[in-house]
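Chain residues, written in single-letter form:
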Amino acid sequence: MGISNMILRELDDDLARILWDYMLMGHELEACDLILVLGSNDVRVAEHGTRLWLKGLAPKILFSGNVGILTRELFGGKPEAEVFAEVARKMGVPDEAILIEPRSTNTGENIVFSRELLAEQGMDPQRFIVVQKPYMERRAYATFMKQWPGKDIRISSPPLDWDRYPNELLPKEVILPILVGDLQRIREYPAKGFQIPQEIPDEVWAAYEELVRRGHIAHMMR
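Quick caveat: nothing in here was measured; it's all calculated off a predicted structure.

Student: So what's going on with the overall build of the protein chain? Residues and values would help.
Tutor: When helices and strands are counted, the protein chain shows 7 helices and 5 strands. Each helix and strand of the protein chain, ordered N terminal to C terminal, gives the series α-β-α-β-α-β-α-β-α-β-α-α. Against the 2.2 N^0.38 benchmark of 17 Å for 222 residues, the protein chain shows a C-alpha radius of gyration of 18 Å, consistent with a compact globule. Projecting the C-alpha coordinates of the protein chain onto the three principal axes gives extents of approximately 55 × 35 × 30 Å. Across the 222 residues in the protein chain, those meeting the buried criterion constitute 51%.

Student: Outline the pattern of salt bridges, listing residues and values.
Tutor: Within this structure, the stated rule accounts for 16 salt bridges. We note a salt bridge from Arg89 to Asp95, for which the minimum N-O separation is 2.6 Å. You can call Arg89 partly exposed: its relative accessible area is 32%.

Student: With reference to specific residues and values, describe the pairing of strand β4 (residues 127–131).
Tutor: Among the 5 residues that make up β4, 4 are buried, leaving the element largely enclosed by the rest of the structure. By the bridge criterion, 4 bridges tie strand β1 (residues 34–38) to β4 in an arrangement that is parallel. The residue of β4 that forms the bridge with Ile35 is Ile129. Relative to strand β5 (residues 152–156), β4 runs parallel, the two sharing 5 bridges. Each bridged residue has a counterpart across the sheet, and for Val130 the counterpart in β5 is Ile155. Taken together, β4, helix α5 (residues 137–147) and β5 form a β-α-β motif whose crossover is right-handed.

Student: Which residues make up the sheet that holds β1, and what are the values?
Tutor: Strands sit in the order β3-β2-β1-β4-β5 across an open sheet of 5 strands; the sheet is parallel. The open sheet has two edge strands with one neighbour each: β3 (98–101) and β5. Adjacent strand axes in the sheet meet at a mean angle of 20° when their direction is disregarded. Each of β1, β2 (60–64), β3 and β4 is contacted by helix α4 (residues 107–120), which is oriented at about 125° to β3, the strand it contacts most. Taken strand by strand, α5 contacts β1, β4 and β5, and its axis lies near 165° from that of β5.

Student: Provide a residue-level description of the layout of surface pockets, including the pertinent values.
Tutor: The gaps of empty space that remain are located by a probe, the size of a water molecule, rolled over the atoms. Estimated volume of the largest pocket: approximately 810 Å³. Along its surface, the largest pocket is lined by 31 residues, and Thr105, Asn106, Thr107, Met136 and Arg139 are the ones closest to its centre. Going through the elements one at a time, α4, α5 and α6 (172–192) are the ones with two or more residues in the lining of the largest pocket. Here the lining of the largest pocket takes 4 residues from α6, the largest share from any one element. Considered class by class, the residues forming the lining of the largest pocket number 8 nonpolar, 18 polar and 5 charged.

Student: Quick rundown of the pairing of β1? Include the residues and the values.
Tutor: Of all 5 residues making up β1, 5 are buried, and the element is well covered by its neighbours. Of the two faces of β1, the one lined by Leu34, Leu36 and Leu38 and the one lined by Ile35 and Val37 are each fully buried. Of the strand pairs in this sheet, β1 and β2 are connected by 5 bridges, and their pairing is parallel. Residue pairing in the sheet places Leu36 in a bridge with Leu62 of β2. Following the chain from β1 across helix α2 (residues 43–54) to the adjacent parallel β2, one finds a crossover that is right-handed.

Rules of the game
- Residues numbered from 1 in each chain as written.
- Predicted model: local features only at pLDDT ≥ 70, side-chain atom pairs only at ≥ 80, totals over all residues.
- Heavy atoms only, no water.
- Helix = DSSP H or I, 4+ residues; strand = E, 2+ residues; numbered from the N terminus.
- Rg over C-alpha atoms; globule rule 2.2 N^0.38 Å.
- Buried < 20%, exposed > 50% of the residue type's maximum accessible area, 1.4 Å probe, protein only.
- Salt bridge = Lys/Arg side-chain N within 4 Å of Asp/Glu carboxyl O.
- Pairing = 2+ DSSP bridges.
- Right-handed = clockwise from strand over helix to strand, strands pointing away.
- Axes fitted to C-alpha atoms, helices over the stretch in contact; angles between N-to-C directions.
- Contact = heavy atoms within 4.5 Å.
- 1 Å grid on protein atoms, 1.4 Å probe; cavity = no way out; pocket = protein on both sides within 12 Å on 5 of 7 lines; lining within 4 Å.
- Points joined across faces, edges and corners; volume = space filled by probe spheres on them.
- Nonpolar A, V, L, I, M, F, W, Y, C, P; charged D, E, K, R; others polar.

None of this, on its own, says anything about what the molecule does.
Right, here's the structure in full:
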């Protein structure tokens, strides 16, 4: 990589860290009624949610998610919730503590369909820990608060920063456009009724606009 390309990559990293840190909610976790793990292409989310259960933070753990665009081939067509539940079983969670919601295809449906499943089970949890990827913490929070208001919700994710999160499956060049697209949705989705509004600091929005200018737009709404 030439010097100019290295400088450009370093600038991308600096801007990405601003968005990444904004997406983290920084919630302190307490014992709750249910751990809700939102499906994705990152099994580290399942592992993190399972570790919280193993610490005794909730009696039940619910995995939510169907087959997604990014997981159809990765998980062989199995719903993300089922793949994540298998991770939990292998880590020591018994079947009677696991609930599976295998229909949802986006964050809003994660919440709505999980709510329906719990109602069918005669359950109405009041306190939740919702587990998601780090860069989707704020969207998960804003969506939950809109789709299921009145609950005590704490958001958690694998404790990884921008520099430590990427791996072979999820390199920075894949994550960065998603991060940009998610910030756009933080601003646009409240008007669509999908999320509650979230204040975006000027520094964060300026970093977003620069990343857009630099071409990281593959996951933006059109």
